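These are the residues of each chain, in order.
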Amino acid sequence: MKPMQYDPNDSIKIPIDTLSIGMFVTAIQHNERVNLANAGRVSSDKAIEQLKKNGIRFAWVDKGLSKDGCIFKPVEEAPSNPEPVASESQPSSRAKSSTSRYDMQKRANKIIKEAKGLAHKIIHQTFEGNEIHVEDIEHWADDLIEAALINSDAIQCVSALRKKDAYLLEHSVNVACLLVTFGKHLGMPRNVLKQLAIGGIIHDVGKVKVDDRILHKPAKLTEKEFAHMKLHQVYAKDIITNVKGLSPVSRDVCLMHHEKLDGNGYPLGLKEEQIPLHGRMSGIVDVYDALTADRCYKRGMSPAEAFKVLLGLTPAHLDRQLVYKFINCIGVYPVGSIVELSDGKVAIVWSINESNPVKPQVKCFYSRKHKHFVDVSYVDLRFGRVKIERAIAPCQLEVDATPFYET
């Protein structure tokens, strides 16, 4: 199944009184002003009432991204697509395509923030021994999938930010985002993408019962300590019995990400065909995100270095063909990664050029040659003589790139 693509011509203008749960709002209109910063699916009657209280008279909805069964009553005199008016917070000088990216980046920030709160809630519920309900995760998973289907670059860029003191939360969110992006690349249907997201957000839940001294040990684990660490998958199996409504796909993502094709993984020592596609995917994504993360005991690798490790783990541990597909999905220089250019400037990879993956669009912010920050500029490396010299792990950069991930 080919992933759904966003087409702005699918948006229609409807009176706010006809807005209903399940519709995907691409813009709201107050008087003559169209605001694009509130894209998302309507989840409750309360949300509709709030729009009405705010004086919103019309909404633009995307029929293709809305749930089945929604009834649309368009305003007949409205044109087929609005001409957006940039809000004050949007850079007015930026091209229209960048404005679309700006909106998606804001939305991605919101989704990632919600995911971290959700992961924290799950961890707390696990500590308390309370039931976890899939419904608590599904709404966020829907939003993540919609964002990934429209613009995966924004999600990848935001999830590239890391905080090593909250690794368990960060890792769970990143694995969920990467699984959805990978699944989208493989053409998986929306309902499977949703199950991948749910499995990703809970995949390491068993670690809440691992001794903190072992979980955060700043040195190589002893054989006994590693045996204790591996118990997190046994704990996870017990914990997810309390997750009501969990699908087999989500369950496999949680319980199979440490299985290996040669049977030397854990907890069950599954081999080759015993590990389904989504189980193999979760193993690749889990390793990649762990390699690129800063931890208390190690510095994160650059994506290029991590890709070499992944390939080195094939075919005994990881599926070789699937690893190649993952690298193709993420890109030689993934969105959100840091690179040094041939002119000495340092840049964040901003979006991928599918026709030429080694020449992405980048956001320049620093000069290693002159050792100072430069005016931010967006450069499409397909044009001109500048090229990427090397990838840089964040820990290898002498300045903090975090503020420049904001649009």
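Going by the structure above, here's the rest.
Please read all numbers here as calculations on a predicted model, not as lab measurements.

Criteria and cut-off values
- Residues numbered from 1 in each chain as written.
- Predicted model: local features only at pLDDT ≥ 70, side-chain atom pairs only at ≥ 80, totals over all residues.
- Heavy atoms only, no water.
- Buried < 20%, exposed > 50% of the residue type's maximum accessible area, 1.4 Å probe, protein only.
- Helix = DSSP H or I, 4+ residues; strand = E, 2+ residues; numbered from the N terminus.
- Pairing = 2+ DSSP bridges.
- Axes fitted to C-alpha atoms, helices over the stretch in contact; angles between N-to-C directions.
- Parallel < 35°, antiparallel > 145°, perpendicular 65-115°, else oblique.
- Contact = heavy atoms within 4.5 Å.
- Nonpolar A, V, L, I, M, F, W, Y, C, P; charged D, E, K, R; others polar.
- Salt bridge = Lys/Arg side-chain N within 4 Å of Asp/Glu carboxyl O.

J.: I tried to follow the pairing of strand 9 (residues 345–351) on my own but got confused; where do I start?
T.: The two faces of a sheet get side chains in turn, since along a regular strand they alternate between them. With six of seven residues buried, strand 9 lies mostly within the body of the structure. Note: strand 8 (residues 338–341) against strand 9, three bridges, orientation antiparallel. When the bridges of strand 9 are listed, V339 appears paired with A347. Taking the residues between adjacent antiparallel strands as the criterion, strand 8 and strand 9 are bridged by three residues, where G344 takes a positive phi near 90°.

J.: Would you explain the sheet that holds strand 8 in this entry?
T.: Strand pairing in a sheet relies on backbone hydrogen bonds. The paired strands run either parallel or antiparallel. If you walk across this open sheet you meet the five strands as 11-10-9-8-12, and the pairing is antiparallel. This sheet does not close on itself; its edge strands, each paired only once, are strand 11 (372–380) and strand 12 (388–392). Strand-to-strand twist of the sheet, defined as the mean angle between neighbouring strand axes without regard to direction, takes the value 30°. In this sheet, strand 12 lies alongside strand 8 in antiparallel orientation, the contact comprising four bridges. Directly across from V339, in strand 12, lies its bridge partner A391.

J.: Looking at this structure, I do not really get unusual backbone geometry. What am I missing?
T.: Leaving glycine aside, a negative phi is the common case for residues, and trans is the common case for peptide bonds. Along the chain, Y266 connects to P267 via a cis peptide bond; the corresponding omega equals 10°. Cis geometry is found at the peptide bond from T314 to P315, where omega equals -5°. Position of P315 among the secondary structure elements: in the loop between helix 11 (303–312) and helix 12 (320–330). Positioned with a positive phi, E272 is a non-glycine residue whose angle comes to about 25°. In this structure E272 comes out as partly exposed when scored by relative accessible area, which is 46%.

J.: Teacher, can you tell me more about the packing of helix 8 (residues 223–239) against helix 9 (residues 248–256) here?
T.: The interhelical angle for the contact between helix 8 and helix 9, taken along N-to-C directions, is 155°, at an axis separation of 9 Å. One way to sum up the angle between helix 8 and helix 9 is to call them roughly antiparallel. Judged by residue contacts, Q233, A236 and K237 of helix 8 engage R251, C254, L255 and M256 from helix 9. Grouping the constituent residues of the contact of helix 8 with helix 9 by class yields four nonpolar, one polar and two charged.

J.: What's the story with the pattern of salt bridges in this structure? I'm lost.
T.: Once the charged atoms of two side chains with opposite charge are near each other, the side chains can pair. For the coordinates displayed, the defined rule picks out ten salt bridges. A salt bridge links D211 to R213; the shortest N-O distance between them is 2.9 Å. In this structure, D319 engages R280 in a salt bridge whose closest nitrogen and oxygen atoms are separated by 2.7 Å. Separated by 39 residues along the polypeptide, D319 in the loop between helix 11 and helix 12 and R280 in helix 10 (residues 277–292) bring together distant segments of the chain.

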